[in-house]
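Analysis of the macromolecular model
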Amino acid sequence: MLIVIPGDPIAQARVRFRRVANGDAYAYDPQARDKAFIKRELEEKLKSQYPSFKPFKIPDIRFIFYMPIPRYLAKTVRELAAKEKLRHILRPDTDNIMKLYLDCLLKIIVEDDRSANILGAQKLYSPRPRVEIIIYEGVQICEGMPPHAETDSLICGTPTSATIDVPTYSECPHYSGMSQLHDKLGLSQYIAEPSDRD
């Protein structure tokens, strides 16, 4: 399954504390609204497009975070960034971004994050900031990489956009731009045409 979430990738923030009138303090998640929105989008897409979907029990997951291109980049470097060939090596940290989106997948796409196997995560500059998450069902007895990945696509909307139809992987608007990247990541041999989930 390929999940595409438009918009700038968001990093997990630390829990914050707030004092109330009686002097007590309580902890709260400053990104609770962002997470709730992403979860709601995922749930709505699954219900409308994959009503019989069941969360992955032993998921193998890859994250690709496409970061916005800053204005200060030199022209030659900016051209690489526009082609999604330039790695993002600044903050926010990759693991902090990954934590937020893994939380959003929990109980909706992934049954239990303790069983999740993170195969990789990276940040790249792009003129179209987004998060792409590739997930397929793994095995408990590990004998190397699975022969292929399930590649149904789930594309989420943004607060300012209407709902977006979920295309198959080959119809995905990012497919042509992703193919070369998948070759570099070694994903091509695991990408197959979509097949119906049981």
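Structure shown above.
In this report, we go over the structure that sits alongside the text.

Thresholds applied
Residues numbered from 1 in each chain as written. Predicted model: local features only at pLDDT ≥ 70, side-chain atom pairs only at ≥ 80, totals over all residues. Heavy atoms only, no water. Helix = DSSP H or I, 4+ residues; strand = E, 2+ residues; numbered from the N terminus. Contact = heavy atoms within 4.5 Å. Salt bridge = Lys/Arg side-chain N within 4 Å of Asp/Glu carboxyl O. Buried < 20%, exposed > 50% of the residue type's maximum accessible area, 1.4 Å probe, protein only. Core = buried A, V, L, I, M, F, W, Y, C linked by side-chain atoms within 4.5 Å. Polar contact = N/O pair within 3.5 Å; in protein donor to acceptor, adjacent residues only side chain to side chain. Phe/Tyr/Trp six-rings, centres within 6.5 Å; stacked < 30°, edge-to-face > 60°. Lys NZ or Arg CZ within 6 Å of the ring centre and 35° of its normal.

Take the environment of isoleucine 108 next. Secondary-structure assignment places isoleucine 108 in the loop between α3 (94–105) and β5 (117–125). Along the chain, isoleucine 108 and lysine 39 lie 69 residues apart, while their C-alpha atoms are 7.6 Å from each other. Once residues within four sequence positions are removed from consideration, isoleucine 108 is found in contact with Lys39, Leu42, Glu43, Leu46, Phe53 and Pro55.

Under the counting rule described, the total for this entry stands at six salt bridges. With a closest N to O distance of 2.8 Å, aspartate 112 and arginine 114 form a salt bridge. Of the residues examined, arginine 114 reaches a relative accessible area of 74% and is grouped as exposed. Taking the shortest distance from any N to any O, the salt bridge between arginine 130 and glutamate 132 comes out at 2.7 Å.

Once that is clear, we can look at the nonpolar core. Membership of the largest hydrophobic core comes to 31 residues, with the highest contact counts inside it found for Ile3, Tyr101, Leu105, Ile109 and Ile133. Breaking this core down by element, the ones donating at least two residues are β1 (2–6), α1 (32–49), β4 (59–67), α3 and β6 (130–137). Tallying contributions element by element places α3 first for this core, with seven residues. In contact with tyrosine 101, other than residues within four places in its own chain, are Ile5, Asp8, Pro9, Ile10, Ile38, Phe63, Phe65, Val131 and Ile133.

With that out of the way, let us pick up the side chain of lysine 35. One can find lysine 35 in helix α1. At 3.0 Å, the side chain of lysine 35 forms a polar contact with the side chain of aspartate 29.

Let us look at the packing of aromatic side chains. Centre distance and the angle of the planes are the two values used to describe a pair of aromatic rings. With the rule as written, the count across this model stands at three aromatic pairs. Taking 5.8 Å as the distance between ring centres and 70° as the angle between the ring planes, the aromatic pair formed by phenylalanine 53 and phenylalanine 56 counts as edge-to-face. Comparing phenylalanine 53 with phenylalanine 56, the two get one shared label, buried. Ring geometry for phenylalanine 63 and phenylalanine 65: centres 5.6 Å apart, planes at 15°, overall stacked. Accessibility classification places phenylalanine 63 together with phenylalanine 65 in one group, the buried group. Of the aromatic side chains, those joined through ring pairs into one cluster are Phe63, Phe65 and Tyr101. The side chain of arginine 130 reaches across the aromatic face of tyrosine 66, ending 3.7 Å from its centre.

Taken by themselves, the reported measurements are silent on function.
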